Amino acid sequence: MKEGVLRGKVALVTGASRGIGRAVAVRLAVMGAFVCINYKTNERAAAETLDVITRSGGKGDLAPFDVADGAVVRSVTGAIIRERGSLDILVNNAGVTLNTLFVRTGDEEWNALMDTNLRGTFNCCRAALRSMQRRRWGRIVNMVSVVAEGGNPGQACYSASKAGVLGLTRSLAAEVGSRNICVNAVSPGFIETDMTADLDEKSRSMILRKIPLGRTGLPEDVAGVVGFLVSPDADYITGQVIRVNGGLYM
Ligand code: NAP
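Let me begin by describing the structure that accompanies this report. (Residues numbered from 1 in each chain as written. Predicted model: local features only at pLDDT ≥ 70, side-chain atom pairs only at ≥ 80, totals over all residues. Heavy atoms only, no water.)

## Focus on the overall build of the protein
Inference 1: Counting secondary structure elements, the protein contains nine helices and seven strands.
Inference 2: A compact globule built from 250 residues should have a C-alpha radius of gyration of about 18 Å, and the protein, at 17 Å, falls within 12% of that.
Inference 3: By principal-axis analysis of the C-alpha atoms, the protein measures approximately 50 × 35 × 35 Å.
Inference 4: Within the protein, the proportion of its 250 residues that are buried is 50%.
Inference 5: A sequence separation of at least 24 residues applies to 75% of the contacts in the protein between residues at least 6 apart.
Inference 6: For the protein, the exposed area adds up to about 12,000 Å²; of that, 51% sits on carbon and sulfur atoms.
Inference 7: Separation of charge centres in the protein, based on 30 positive and 24 negative side chains, amounts to 6 Å. (Helix = DSSP H or I, 4+ residues; strand = E, 2+ residues; numbered from the N terminus. Rg over C-alpha atoms; globule rule 2.2 N^0.38 Å. Buried < 20%, exposed > 50% of the residue type's maximum accessible area, 1.4 Å probe, protein only. Contact = heavy atoms within 4.5 Å. Areas by Shrake-Rupley, 256 points an atom, 1.4 Å probe, with all protein chains shown as cover. Lys, Arg positive; Asp, Glu negative; His and termini not counted. Charge placed at Lys NZ, Arg CZ, Asp CG, Glu CD.)

## Comments concerning the side chain of Ser-131
Inference 1: Relative to the helices and strands, Ser-131 is located in helix H4 (residues 107–135).
Inference 2: With relative accessibility at 0%, the residue Ser-131 sits in the buried group.

## Considering a nonpolar patch on the surface
Inference 1: On the surface, Leu-101, Phe-102 and Val-103 cluster together into a nonpolar patch covering about 360 Å² of accessible area.
Inference 2: Counting through the fold element by element, Leu-101 comes out in the loop between strand E4 (89–92) and H4.
Inference 3: A residue is classified by how much of its surface remains accessible, and Leu-101, at 48% relative accessible area, is partly exposed. (Patch = residues over 30% accessible without salt bridge, like charges linked within 9 Å, V, L, I, M, F, W, Y side chains within 5 Å. Salt bridge = Lys/Arg side-chain N within 4 Å of Asp/Glu carboxyl O.)

## A look at the nonpolar core
Inference 1: Membership of the largest hydrophobic core comes to 33 residues, with the highest contact counts inside it found for Leu-28, Val-35 and Val-186.
Inference 2: Elements supplying a minimum of two residues to this core: strand E1 (10–13), helix H1 (19–30), strand E2 (34–39), helix H2 (43–55), E4, strand E5 (138–143) and helix H9 (219–229).
Inference 3: Per element, the largest residue contribution to this core is six residues, and it comes from H1.
Inference 4: Apart from residues no more than four positions distant in its own chain, Leu-28 is found in contact with Leu-6, Ala-11, Val-13, Ala-33, Val-35, Ile-89, Val-91, Gly-227 and Val-230.
Inference 5: Judged by nonpolar contacts, the second largest core, of 26 residues, contains Leu-12, Phe-34, Val-76 and Ala-127. (Core = buried A, V, L, I, M, F, W, Y, C linked by side-chain atoms within 4.5 Å.)

## What about H2?
Inference 1: For H2, with 13 residues, the first-to-last C-alpha span of 18 Å sits near the 18 Å given by 1.5 Å per residue.
Inference 2: Next to the buried residues of H2 lie H1, E2 and strand E3 (59–64).
Inference 3: Looking one or two residues beyond H2, the residue adopting positive phi is Gly-57, at roughly 90 degrees. (Expected span 1.5 Å × (residues − 1).)

## Concerning the side chain of Asn-92
Inference 1: Considering the arrangement of structural elements, one finds Asn-92 in strand E4.
Inference 2: On the accessibility criterion, Asn-92 (4% relative accessible area) is buried.

## Some remarks on the site of the ligand
Inference 1: Inspection of the region around the ligand gives 32 residues, with Ser-17, Thr-41, Asn-93, Tyr-158 and Thr-193 positioned closest.
Inference 2: A distance of 3.2 Å separates an oxygen atom of the ligand from a polar atom in the backbone of Gly-15.
Inference 3: Between the ligand and Ser-17, the relevant distance is 2.6 Å, taken from an oxygen atom to a side-chain nitrogen or oxygen of the residue.
Inference 4: For the ligand, whose unbound accessible area comes to 910 Å², protein coverage reaches 95%.
Inference 5: Broken down by secondary-structure element, the contributors of at least two residues to the shell around the ligand are H1, E2, helix H6 (156–176) and helix H7 (194–197).
Inference 6: At three residues, the largest contribution of residues to the shell around the ligand is made by H7.
Inference 7: Grouping the constituent residues of the shell around the ligand by class yields 14 nonpolar, 13 polar and five charged. (Near = heavy atom within 4 Å. Polar contact = N/O pair within 3.5 Å; in protein donor to acceptor, adjacent residues only side chain to side chain. Nonpolar A, V, L, I, M, F, W, Y, C, P; charged D, E, K, R; others polar.)

The structure is reproduced here in structure tokens:
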């Protein structure tokens, strides 16, 4: 990791109170970015993320909002741009999962899932692009999932939301590349976070058997790849999906 390469950049990481988002926020701060730590409700956890950042000499601030609410996203990102001068890096990480048989999925569950995972990504990209297009520089990383490409029983709706984000990533990359804005997706496999903590032992060991590297992933495994994608080393990478899954899906 190259410390300091993001000095002067302002980053927004959604869902940065816990799990992968927290590790990404810490990584970008170590790389020198000012990091806006978004979360929905868990202020205590978000404050812990900020604490980790400031204790290691980084800079950041809390940015609570629901990514599903377009008006609030516009107003908070507008305030960040006014206060800090720009919004250069956006990591759309906030996400929820849904593990239900397809035929049992209710309209409300579908809507809530799509509102956070797909609409939330749309809302944040649209709001951040105003500053990025003006400055002719921007890096967007969208968090998808191994199931967006590989599928999984009981996760048809979650897969659909992440496959939607993957499609958005590629088309947006094609649309804004001429403004020097790179848009990529990172696709984690099984990562140890609150999202996967409830899985029973039987399912966990079944998944483990399918991972060639023989271990589950850590949030830091994903954060390192996000850090690379927003660094100068990745200036010629756009429209790609980088899989971080220990070989679970190739
Ligand atoms: P997590 O531990 O459950 O954390 C979810 C984060 O998203 C929290 O910070 C939460 O904020 C935030 N969030 C949820 N809904 C939000 C909303 N509407 N607005 C703003 N923030 C919201 O999840 P994770 O495992 O780190 O997953 C992070 C991303 O990676 C997700 O997009 C997930 O789909 C994807 N992913 C995870 C795995 C895995 O194995 N863990 C695998 C593939 C993909 P609060 O703390 O305030 O609730």
